Amino acid sequence: DTQRRSVRDAMDREQSIPLRPQRVLALSERDLDCLLALELVPVAASQGRAQQGFPPYLAARAAGVASLGQFAQPSMDRVIAARPDLILAGGLADAKLLAQLSRIAPTLVSHSGAEPWPRTLQRIADWTGRAERVAPLMQRHEQRVAELRRPLARQSGRSVSLVRWTPQGPVYMKGEAFAGLLLGELGFTRPPRQQEAGAGHSAPLSREALDQIDADWLLIGMFASGPAHDPQALAGLMARPEFRELRAARGGRVREVDAALWTVTGGPLAALAVLDDVQRLMLP
């Protein structure tokens, strides 16, 4: 297919791309999520951040997708071997890496900063010639949120602390983090510290600062694989007297969640999976 068109990406870089890209690479979890939701299986993708393999919630749909290696450090040999006609590099800001990738195939930064996922989905759908698939996906999302808001109404206004466990100590997610925005759609609030701008996370907190993660609910993200995986971590945290003093701990409202789902930059499939978790973990 020789037909091409010119588009601008999230960083306002102009690229010429095929009208209907066939061999797409996904260099972030959100790219992989959006492509699979649009029913365009990429040829290859980067592993999830801090994980071995793709995020567990995408693993079944991504069966047969080749691995390009670590997030933000794709293997150039594998990128070349995949013969891409379009590379999606969501969240990558390394100009040198983007230039290297652009020499192999047109490379588009699909999202940057704290952009909400519907905007990224729209962009990727436009680039891949699948714009008509966006409305049904958004409708499904809005229906699911509405379904959950009804039984959650009596918890409206309750605060939810969103935390990721790391070997250096817990970190909390900031106000524009993906799952935090979803909790807002359901009527929950976040503790004051966790309302600061940005989609990233805080520095690791010391034992003395554990009160910063207190709330009515406390959701702690743990990785199922990779260097940060520690099956004993939550039990160790729960055993600390200062942790047991937290409001969520006293009220029996501490829940473990998958960090690869709750504490990254997810897309439409992640959003549905988070909403399923809310139903399972936070409703009687």
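This section reports on the structure supplied with the text. (Residues numbered from 1 in each chain as written. Predicted model: local features only at pLDDT ≥ 70, side-chain atom pairs only at ≥ 80, totals over all residues. Heavy atoms only, no water.)

## Some thoughts on the overall build of the protein
So the rule is basically this: A run of H or I in DSSP counts as a helix once it spans at least four residues, and a run of E counts as a strand once it spans at least two, with each numbered from the N terminus. This radius of gyration counts C-alpha atoms alone. The globule rule is 2.2 Å times how many residues there are, raised to the power 0.38. Exposure is judged per residue with a 1.4 Å probe applied to protein chains only, and the accessible area is read against the type maximum: over 50% gives exposed, under 20% gives buried, and values in between give partly exposed. We call two residues in contact whenever any of their non-hydrogen atoms come within 4.5 Å of each other. Every accessible area reported is derived by Shrake-Rupley at a probe size of 1.4 Å, with residue values counting cover from the shown protein chains alone. In this tally, Lys and Arg are treated as positive and Asp and Glu as negative; His is ignored, and so are the chain termini. A charge is said to be at NZ when it belongs to Lys, at CZ for Arg, at CG for Asp and at CD for Glu.
Along the backbone of the protein there are 11 helices and 11 strands. Over its C-alpha atoms the protein spans a radius of gyration of 20 Å, differing by no more than 12% from the 19 Å that the globule rule assigns to 284 residues. For the C-alpha atoms alone, the extent of the protein along its principal axes is close to 65 × 40 × 30 Å. A total of 284 residues make up the protein; the buried ones form 54% of that total. Considering only contacts within the protein whose residues lie at least 6 apart along the sequence, 65% involve residues at least 24 apart. Carbon and sulfur atoms provide 49% of the accessible area of the protein, an area that totals close to 12,600 Å². In the protein, the 35 positive side-chain charges and the 30 negative ones have mean positions that sit 1 Å from each other.

## A look at the layout of surface pockets
Test applied: Note on definitions: the grid is 1 Å and covers protein atoms alone; a cavity is a set of points where a 1.4 Å probe fits but cannot get out; a pocket is an open set with protein on both sides within 12 Å along at least five of seven lines; lining residues have an atom within 4 Å of a point. Grid points are joined across faces, edges and corners, and a volume is the space filled by probe spheres set on the points. We call Asp, Glu, Lys and Arg charged. Ala, Val, Leu, Ile, Met, Phe, Trp, Tyr, Cys and Pro are nonpolar, and the rest, Gly among them, are polar.
Reported here for the largest pocket is a volume of approximately 180 Å³. Within the residue set of the lining of the largest pocket, elements represented by two or more residues are α4 (117-127), α5 (134-152) and α6 (178-185). The greatest single-element share of the lining of the largest pocket, amounting to five residues, is contributed by α6. Here the residues of the lining of the largest pocket are counted per class, giving 14 nonpolar, four polar and four charged.

## Side note on the sheet that holds strand β5 (residues 66-67)
The following threshold applies: Strand pairing is defined by DSSP finding a minimum of two bridges between the two strands.
Sheet architecture is open: five strands sit in the order β5-β4-β3-β6-β7, paired in parallel fashion. Strand pairing shows two members of the sheet lacking a second neighbour, β5 and β7 (107-108), which therefore form its edges. Direction of pairing for strand β3 (residues 24-26) relative to strand β4 (residues 44-45): parallel, over a ladder of two bridges. Bridge assignment links Leu25 to a residue of β4, and that residue is Ala44.

## Some points on the packing of aromatic side chains
What characterises a pair of aromatic rings is the spacing of the ring centres plus the angle enclosed by the ring planes. Our working definition: Only Phe, Tyr and Trp rings are paired, with Trp represented by its six-membered ring, and only when their centres lie within 6.5 Å; those with planes under 30 degrees apart are stacked, over 60 edge-to-face, the remainder tilted. For a Lys NZ or an Arg CZ to count as sitting over a ring, it must be within 6 Å of the ring centre and within 35 degrees of the ring normal.
Inspection of every chain in the model, using the stated rule, returns zero aromatic pairs. Geometry around Phe71 places Arg49 over its ring, the cationic atom sitting 4.0 Å from the centre.

## Regarding helix α1 (residues 29-37)
A large share of α1 lies buried, amounting to nine of its nine residues. Considered for burial, the residues of α1 that qualify are Glu29, Arg30, Asp31, Leu32, Asp33, Cys34, Leu35, Leu36 and Ala37. A positive phi of about 60° marks Glu39, the residue just after α1.

## Quick word on the pairing of strand β8 (residues 160-164)
Across the five residues of β8, five count as buried, placing the element largely inside the fold. Of the two faces of β8, the one lined by Val160, Leu162 and Arg164 and the one lined by Ser161 and Val163 are each fully buried. Pairing geometry for β8 and strand β10 (residues 217-222), over five bridges, is parallel. Note on β10: the bridge partner recorded for Val160 is Trp217. Note that β8 and strand β9 (residues 171-172) share two bridges and pair antiparallel. Within β9, the position partnered with Arg164 by the bridge is Val171.

## So, helix α11 (residues 268-282)
Counting along an α-helix, one turn takes 3.6 residues, and residues three or four places apart therefore face a common direction. What counts, and what does not: By this rule, a helix spans an expected 1.5 Å times one less than how many residues it contains.
In this model α11 runs 21 Å from its N-terminal to its C-terminal C-alpha over 15 residues, within 8% of the 21 Å that 1.5 Å per residue would give. When you tally the buried positions in α11, you get 12 out of 15 residues, the bulk of the element. What α11 keeps buried is the set Pro268, Leu269, Ala270, Ala271, Leu272, Ala273, Val274, Leu275, Asp277, Val278, Leu281 and Met282.

## Description of the environment of Glu256
Structurally, the position occupied by Glu256 is in strand β11 (residues 254-258). Overall, Glu256 belongs to the partly exposed group, its relative accessible area being 46%. Residues Glu256 and Ile124, 132 residues apart in the sequence, show an inter-C-alpha distance of 32 Å. When sequence neighbours within four positions are dropped, the list of residues in contact with Glu256 reads Ile220, Met222, Leu234 and Leu281.

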